[in-house]
Amino acid sequence: NSAAVAKSLALGNATSLLTTLTISGTNSLTITNGLSINPSAVAKNFDIQIGAGSLTVGAGITYAANRTSTIAISTGTLTVANLITLGASDVLSFSGAGTANLNGGLDDGAGTLTLFSGCTVAIGGNYTVSGTASTWTSGSNAVFKGNSTITPNVAITFDNVQVNSGVIVTLA
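Owing to the predicted nature of the structure, the values given are computational and were not obtained by experimental measurement.

Colleague: Just to check I follow, could you spell out the sheet that holds strand β7 (residues 54-57) for this structure?
Modeller: Hydrogen bonds between backbone groups are what pair the strands of a sheet, and the pairing can be parallel or antiparallel. Strand order across the open sheet formed by 8 strands is β1-β4-β7-β10-β13-β16-β19-β22, with parallel pairing between neighbours. The open sheet has two edge strands, β1 (3-6) and β22 (160-163), and neither has a second partner. Between one strand axis and the next, the sheet turns through 10° on average, direction left out of account. With 4 bridges connecting them, strand β13 (residues 99-102) and strand β16 (residues 120-123) associate as parallel partners. Residue pairing across strands places Leu 102 opposite Ile 123, the latter belonging to β16.

Rendered as structure tokens:
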């Protein structure tokens, strides 16, 4: 098992073909600053696969516009300090009972949030949904762990919702 650390990470470059970063087993990767997925906007798919391990990003995640970028979580954990924004081609998906700690909040601006029964999305900031309605999978969990405003520009249907003690959640 390995616990890797990087100051920052750019996944892909101007000549990249399909690129996948896999965190297998219980390995972990901590990026103290930001993660940039497909920074050169190459017309290819870029994927991060988190198995049972963990990916921690100390700042934010930036995606190339109009390119498919996927972060897939099985039973592991994704932790992001800043707001994560899902654009039209961005995917955050679960295939198991993993956890996403989105400490800066989630802006789902027409991206794809695919949930799995038993998964947990813990939101520490605001949650905004635009574009298409969002229906959370049966058995999936939304946990609001920081003062938040939920802005449903389209319908949001949760399955299980938890608001931690002392947290104020406002529906805008």
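That covers the picture; the talk isn't over yet.
Colleague: Mind showing me how you'd approach the pairing of strand β17 (residues 127-130) here?
Modeller: Remember that side chains alternate between the two faces of the sheet whenever the strand is regular. In this structure, strand β14 (residues 106-109) lies alongside β17, joined through 4 bridges in parallel fashion. Opposite Asp 108, over in β17, you have Val 129 as the bridge partner. Across 3 bridges, the pairing between β17 and strand β20 (residues 148-152) is parallel. Residue pairing in the sheet places Tyr 127 in a bridge with Ile 150 of β20.

Colleague: What should I look at first to understand the sheet that holds strand β3 (residues 19-23) in this one?
Modeller: With parallel pairing, the 5 strands of this open sheet are ordered in space as β3-β6-β9-β12-β15. Unpaired on one side and paired on the other, β3 and β15 (112-114) mark the two borders of the sheet. Pairs of neighbouring strands in the sheet enclose a mean axial angle of 10°, with direction left out of account. Two strands pair when backbone bridges link them, and strand β9 (residues 69-73) and strand β12 (residues 90-94) are joined in this way by 5 bridges, in the parallel orientation. Along β12, the bridge assignment pairs Ile 73 with Phe 94.

Colleague: I tried to follow the side chain of Thr 79 on my own but got confused; where do I start?
Modeller: Structurally, the position occupied by Thr 79 is in strand β10 (residues 77-80). Excluding residues that lie within four positions of it along the chain, Thr 79 makes contacts with Leu 55, Thr 56, Val 57, Asn 101 and Asn 103.

Colleague: Just checking my understanding: could you explain unusual backbone geometry for this structure?
Modeller: A negative phi angle is the norm for most residues apart from glycine, just as the trans form is the norm for most peptide bonds. Unlike most non-glycine residues, Asn 38 shows phi in positive territory, near 55°. Considering the arrangement of structural elements, one finds Asn 38 in the loop between β5 (35-37) and β6 (46-50). Judged by its relative accessible area of 0%, Asn 38 falls in the buried class.

Colleague: Please explain the packing of aromatic side chains as it appears in this structure.
Modeller: The relation between two aromatic rings is expressed through the spacing of the ring centres and the mutual angle of the planes. One pass over the structure, following the stated rule, counts 4 aromatic pairs. Seen in terms of ring centroids, Tyr 127 and Phe 158 are 6.1 Å apart; in terms of plane orientation they differ by 50°. Their pairing is tilted. Placement of Tyr 127 in strand β17 and of Phe 158 in the loop between β21 (156-157) and β22 is noted, with a sequence separation of 31 residues between them. Between the aromatic rings of Phe 144 and Phe 158, the centroid separation amounts to 6.1 Å while the plane-to-plane angle is 90°, which identifies the pairing as edge-to-face. In this pair, Phe 144 sits in strand β19 (residues 141-144) while Phe 158 sits in the loop between β21 and β22, placing the two residues 14 residues apart along the sequence. When its relative accessible area of 1% is taken as the criterion, Phe 144 is described as buried. For Phe 158, a relative accessible area of 24% puts it in the partly exposed group.

Colleague: Explanation requested: the environment of Leu 92 in the structure shown.
Modeller: Within the secondary structure, Leu 92 is located in strand β12. Through-space distance from the C-alpha of Leu 92 to that of Leu 78 is 10 Å; in sequence the pair is 14 residues apart. Sequence-distant contacts of Leu 92, that is, excluding residues within four places in its chain, are made with Ile 71, Ile 73, Leu 78, Leu 86, Leu 102, Thr 112, Leu 113 and Thr 114.

Parameters and conventions
- Residues numbered from 1 in each chain as written.
- Predicted model: local features only at pLDDT ≥ 70, side-chain atom pairs only at ≥ 80, totals over all residues.
- Heavy atoms only, no water.
- Pairing = 2+ DSSP bridges.
- Helix = DSSP H or I, 4+ residues; strand = E, 2+ residues; numbered from the N terminus.
- Axes fitted to C-alpha atoms, helices over the stretch in contact; angles between N-to-C directions.
- Contact = heavy atoms within 4.5 Å.
- Buried < 20%, exposed > 50% of the residue type's maximum accessible area, 1.4 Å probe, protein only.
- Phe/Tyr/Trp six-rings, centres within 6.5 Å; stacked < 30°, edge-to-face > 60°.

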